[in-house]
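Letter by letter, the chains look like this.
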Amino acid sequence: MKIQHLLAAVLVAIGSTAAFASGNHADGHGNEDSAIGKPGKAQQVTRTVNVDMTDNMRFTPASVEVKQGETIRFKVKNSGQVKHEFVLGTEQELKEHYQAMLKNPEMEHEDPQMITLAGGKTGEVIWQFTKAGKVDFACLQPGHYDAGMKGAVTVAKSGAKVSATKAGAKADGHTDHAH
């Protein structure tokens with residue numbers, strides 16, 4: 001298993017100039033300055049959002065609303081039969097990563113802003129949204145992004161009210177408190 005990760009890291013390093021022109025695929029997601037936020041800590045999770053991935057190339061929900069500073073646990077389920085991914089990023093990062101996946105469809109990688117799941121499996125991504133704006137998410141398996149398997153997280157400025165329904169709070173039956 002570790003050899004696969006090492007090989008993937010070497011391939012990413014070799015191809016980083018061409019495949020990830022932004023230069024921050026490997027390092028850009030874990031720092032305060034990232035446009036999409038930073039890896040969250042389990043003890044700081046304020047809410048859980050359930051996300052379902054299906055073979056009809058859709059996420060449910062396809063849009064999520066959060067507040068700036070919130071740490072969200074995305075409980076991701078692949079209800080389909082084929083491998084799917086849930087990857088957070090800017091639209092540009094996702095498009096660049098998708099092009100790399102088209103060239104290397106068996107590329108294995110593990111980053112805190114993503115999870116890859118075989119059919120029927122579940123997993124989670126814990127992410128803190130540090131900046132207001134839009135954070136995209138997508139499945140970058142070959143063909144899936146082009147088929148429309150994408151969505152967005154709208155991050156409201158601190159102090160702004162977030163709609164409980166769109167925020168995914170109904171997923172756990174709670175709409176007015178944090179966990």
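Every residue gets a number counted from 1 within its own chain, in the order that chain's sequence is written. Since the coordinates come from a predicted model, pLDDT governs what is reported: local features require at least 70, and pairs of side-chain atoms require 80 or more to be given and counted, while whole-chain, interface and lining totals use all residues. Side-chain numbers come from the whole structure's heavy atoms, not from hydrogens or water.

Participant: Explain the overall build of the chain to me, please; I cannot follow it from the model alone.
Facilitator: A run of H or I in DSSP becomes a helix once it reaches four residues, and a run of E becomes a strand once it reaches two; helices and strands are each numbered from the N terminus. From N to C terminus, the chain includes 3 helices and 10 strands. Written out in order from the N terminus, the α and β elements of the chain read α-β-β-β-β-β-β-α-β-β-β-β-α. Relative accessibility under 20% of the residue-type maximum defines a buried residue, over 50% an exposed one, and the middle range a partly exposed one, all with a 1.4 Å probe and only protein chains included. A burial count over the chain gives 40% of its 179 residues as buried. Relative to all contacts within the chain whose residues are 6 or more apart in sequence, the contacts with residues 24 or more apart total 78%. By definition in these notes, contact holds between two residues if any of their heavy atoms fall within 4.5 Å.

Participant: Can you help me understand the sheet that holds strand E9 (residues 133-138) in this one?
Facilitator: Pairing between two strands requires that DSSP report at least two bridges joining them. A sheet is described by the order of its strands in space; here 5 strands give the open sequence E4-E10-E9-E6-E7, paired in mixed fashion. Among the strands making up the open sheet, the edge pair consists of strand E4 (63-67) and strand E7 (114-117). Each strand axis lies, on average, 20 degrees off the axis of its neighbour in the sheet, ignoring direction. Pairing between E9 and strand E10 (residues 150-156): 6 bridges, direction antiparallel. Among the inter-strand pairings, Ala138 is bridged to a residue of E10, identified as Lys150. Together, strand E6 (84-89), E7 and E9 form the strand contacts of helix H2 (residues 91-103), whose direction differs from that of E6 by roughly 140 degrees. Note on geometry: axes are C-alpha line fits, over the in-contact stretch for helices, and angles between N-to-C directions span 0 to 180 degrees.

Participant: Please explain the nonpolar core as it appears in this structure.
Facilitator: Where a protein is soluble and globular, its nonpolar side chains tend to be buried together. Phe59, Phe74, Val76, Phe86, Leu88, Phe129 and Val153 are the most contacted members of the largest nonpolar core, which has 24 residues in total. Residue assignment for this core shows that the elements contributing at least two residues are strand E2 (47-54), E4, strand E5 (71-78), E6, E7, strand E8 (122-128), E9 and E10. Side-chain atoms within 4.5 Å link the members of a nonpolar core, which is a set of buried Ala, Val, Leu, Ile, Met, Phe, Trp, Tyr and Cys residues. Residues Val87, Met101, Ala138 and Leu140 belong to the second largest nonpolar core, which totals 8 residues.

Participant: Any chance you could explain the pattern of salt bridges here in plain terms?
Facilitator: Where charged atoms of side chains with opposite charge meet at close range, the side chains can pair. Salt bridges, as used here, are contacts in which a Lys or Arg side-chain nitrogen is within 4 Å of a carboxyl oxygen on Asp or Glu. Counted by the stated rule, this structure contains 4 salt bridges. For Arg47, the salt bridge goes to Glu70, with nearest N and O atoms at 2.8 Å. Here Glu70 lies in the loop between E4 and E5 and Arg47 lies in strand E2, a separation of 23 residues in the sequence. An identical accessibility class is assigned to Arg47 and Glu70; each is buried.

Participant: Could you clarify how one ought to interpret the sheet that holds E2 in this entry?
Facilitator: The strands that make up a sheet pair up through hydrogen bonds in the backbone, lying either parallel or antiparallel. Taken in spatial order, the 5 strands of this open sheet run E1-E8-E5-E2-E3, and their pairing is mixed. Edge positions in the sheet fall to strand E1 (38-39) and strand E3 (58-60), since each of these pairs with one other strand and no more. Two elements, E2 and E3, share 3 bridges in a ladder whose sense is antiparallel. Bridge pairing in E3 links Thr54 to Arg58.

Participant: Sorry if this is basic, but what is going on with the environment of Val155 here?
Facilitator: Examined against the element boundaries, Val155 turns out to sit in strand E10. On the basis of relative accessible area, Val155 is assigned to the buried category, the value being 4%. With 25 residues separating them along the chain, Val155 and Thr130 place their C-alpha atoms 8.6 Å apart. When neighbours within four sequence positions are excluded, Val155 is seen to be in contact with Val66, Lys67, Gln68, Phe129, Lys131, Ala132, Gly133 and Val135.

Participant: Where do I start with the pairing of E8 in this structure?
Facilitator: Residues in a regular strand project their side chains so that they alternate between the two faces of the sheet. As paired elements, E1 and E8 share 2 bridges and run antiparallel to each other. From the neighbouring strand, Lys38 faces E8, where its bridge partner is Gln128. With 7 bridges joining them, E5 and E8 adopt antiparallel strand pairing. Of the residues in E8, the one forming a bridge with Arg73 is Ile126.

Participant: Sorry if this is basic, but what is going on with the environment of Ala35 here?
Facilitator: Secondary-structure assignment places Ala35 in the loop between helix H1 (2-19) and E1. Sequence separation of Ala35 and Thr130 is 95 residues, and the distance between their C-alpha atoms is 8.3 Å. Among all residues touching Ala35, those that are not within four sequence positions of it are Thr90, Lys131 and Val135.

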